[in-house]
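Fold and geometry: a report
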Amino acid sequence: MAEWETVIGLECHVELSTQTKMFCGCRVGFGAQPNTDVCPVCLGHPGSLPVPNEEAIRRIVTIGLALDCRIAPHSLFHRKNYFYPDMPKNFQISQFDLPICVGGHLDVELPNGATKRVGITRVHMEEDTGKTTHGSASGRIHDADSALIDYNRAGTPLVECVSEPDIRSPEQAGAYIRELRATLEALDVSDVRMEEGSLRCDANVSLRPAGTEPLGTKVEIKNMNSIRSLERALTYEMARQQTALENGEAIVQETRHWDEDAGATKSMRSKEEAFDYRYFPEPDIPPLDPDLAWVEDLRAALPELPPARRERYVRAFDLKPMVADVLVGDRVSSALFEETLVLGTDPRLAANWITQDLAGLRNKAGAQAPNLVTARHVADLVALVAADTISGQGAKQALEDAFVTGDAIAGIVERRGLTQVSDTGALGAIVDRVLSENAEVAEQFRGGKHEVIGFLVGQVMKGSRGSANPKLAQEFLCERLNG
Ligand SMILES: [Zn+2]
């Protein structure tokens, strides 16, 4: 790609996790029975009147402030007109030329440790559409003979955050989304789950000869349901555009759909068929002129944001930057870590348990699985390992148990017999048995092949079902082998 520079801008849609919808009192949620959280307003019945949700406005202003945007003293809601079955009003209430938040930036930490500033063009408020499920074996529209429409999501507060075309690679795009997600998590404004659609992202991508200014023709990519999909789609699209350009073909300005299974982007519609949305000011909602003092109160109440938190973790607790990054990137982990600090646990040890073993268990179980591990569990594990009461191996087993049962660590250790065998009689007997069962290996050790000690310690651990103190086991083995 040396001769080509990639130019990427991202448009992210964030569903706010408010109690109620943007313009009515219906519940906002995920997974309710279809068409149960609806009313005349969000179903677009004639004569119904929208009333903006104050909490949603508070949240979008908070997002704008966290992204260092200017909060417009005067902004407007517009009607964006188009027909689609999952949009009951045949228009979406959105914002057009006067959005609430303009001109901010997000500082993104790149995998190589450098920081890149990505400009934020605007952050505006709108409402979500309903959801269509196509009735076909594949779930796709082209071979469907029916469609089911659920309006529960229609009217959910939706914040659109548009970046400047400052992103230069798929990795930078992934890092941008991670940072935006961590910021939104810190603000506690949305669930930001890409797999459930509460965070959705479209990408505009074009290529230009490296070192030149004018932008190439851009293509919009939709339907990426994870950061991995986003990075894959951008990588594919870069290669596709490069091949076309080098073959002398023009890039068509169009919207392309990412097909996860095919690993390719596919043309959806070209710009010639683009909609004319015929925006006009929403006549039922007055302009939004936020009180300056109210905006300044919200600015003063901003929580600690990811860069500050990362820095504090490294500075105050001597965490490795990578560990701090993992903690800050995940709300559950960072909340748990903060709670272990209150219990007086060693921060580095607690952070290791949370970002390694516990994160592994959570990944394996999936986002929806209950995680019953509390700060008390982590604190007890750290204390019992430090006191040599349980081995690292035993502690892992206790954590796995607590993850599912929520039982106290002391109870689990007792129930599963995880107390470390440090009593010399019991350990001595296991060591003797291992040496007699592995006489050949013992001979190799005596002959100078000292690396086999690891194998023998492993056998002692196995013989004690993980409850031996490995340090003590090694001492015993060496004593007998050298004696
Ligand atoms: Zn409603």
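You'll find the structure just up there.
These remarks concern the structure in this document. Being a predicted model, the structure only gives us computed values, none of them experimental.

If you walk across this open sheet you meet the three strands as 4-3-14, and the pairing is antiparallel. The open sheet has two edge strands, strand 4 (91-94) and strand 14 (280-281), and neither has a second partner.

Bound to the zinc ion are the protein donor atoms Cys24 (SG), Cys26 (SG), Cys39 (SG) and Cys42 (SG), situated 2.3 to 2.4 Å from the metal. Each of the four donor atoms around the zinc ion contributes to a set of angles spanning 100 to 117°, which defines the coordination as tetrahedral. In the primary structure, the donors to the zinc ion are separated according to the pattern C-x1-C-x12-C-x2-C. Of this pair, Cys26 sits in the loop between strand 1 (4-15) and helix 1 (54-66) while Cys39 sits in the loop between strand 1 and helix 1, placing them 13 residues apart in sequence. The class for Cys26 is buried, based on a relative accessible area of 9%.

Bringing the pairing of strand 6 (residues 115-127) into the picture now. Bridge analysis of strand 5 (residues 101-109) against strand 6 gives eight bridges, and the strand direction is antiparallel. Residue Leu106 lies in a different strand from strand 6, and its bridge partner there is Val118. Counted between consecutive antiparallel strands, the loop separating strand 5 from strand 6 contains five residues, among which Gly113 sits at a positive phi close to 90°. Sheet topology places strand 6 next to strand 9 (residues 157-163); seven bridges connect them, and they run antiparallel. Counterpart to Arg122 in the pairing with strand 9 is Val162.

This part covers helix 1. Note: α-helices contain 3.6 residues per turn, so residues at a spacing of three or four share the same orientation. End to end, helix 1 covers 18 Å across 13 residues, agreeing with the expected 18 Å (1.5 Å per residue, within 8%). Extensive coverage of helix 1 is indicated by the burial of 10 of its 13 residues. Taken residue by residue, helix 1 has Ala56, Ile57, Arg59, Ile60, Val61, Thr62, Ile63, Gly64, Leu65 and Ala66 as its buried positions. Against the buried residues of helix 1 lie strand 2 (70-71), strand 5, strand 6, strand 9, helix 2 (170-187) and helix 4 (292-300). In this structure Asn53 caps helix 1, since a side-chain oxygen of it lies 2.9 Å from the backbone nitrogen of Glu55. Positive backbone phi, approximately 60°, marks Asp68, located one or two places after helix 1.

What follows concerns the packing of aromatic side chains. Overall, the coordinates contain eight aromatic pairs when judged by the stated rule. Aromatic pair Tyr313 and Phe337: ring centres 4.9 Å apart, planes at 70°, arrangement edge-to-face. With Tyr313 in helix 5 (residues 306-317) and Phe337 in helix 7 (residues 331-342), the pair connects residues that are 24 residues apart, well separated along the chain. Of the two residues, Tyr313 and Phe337, neither departs from the other in class, the shared state being buried. Chaining the aromatic ring pairs together yields one cluster made of Tyr82, Phe96, Tyr277 and Tyr279. The lysine or arginine in question, Lys80, covers the ring of Tyr277, its NZ or CZ lying 4.5 Å from the ring centre.

Calculation notes
- Residues numbered from 1 in each chain as written.
- Predicted model: local features only at pLDDT ≥ 70, side-chain atom pairs only at ≥ 80, totals over all residues.
- Heavy atoms only, no water.
- Pairing = 2+ DSSP bridges.
- Helix = DSSP H or I, 4+ residues; strand = E, 2+ residues; numbered from the N terminus.
- Donors = N, O, S within 2.8 Å, 3.2 Å for Na, K, Ca; no water.
- Tetrahedral: all angles 85-135°; square planar, octahedral: opposite > 155°, others 65-115°.
- Buried < 20%, exposed > 50% of the residue type's maximum accessible area, 1.4 Å probe, protein only.
- Expected span 1.5 Å × (residues − 1).
- Contact = heavy atoms within 4.5 Å.
- Polar contact = N/O pair within 3.5 Å; in protein donor to acceptor, adjacent residues only side chain to side chain.
- Phe/Tyr/Trp six-rings, centres within 6.5 Å; stacked < 30°, edge-to-face > 60°.
- Lys NZ or Arg CZ within 6 Å of the ring centre and 35° of its normal.

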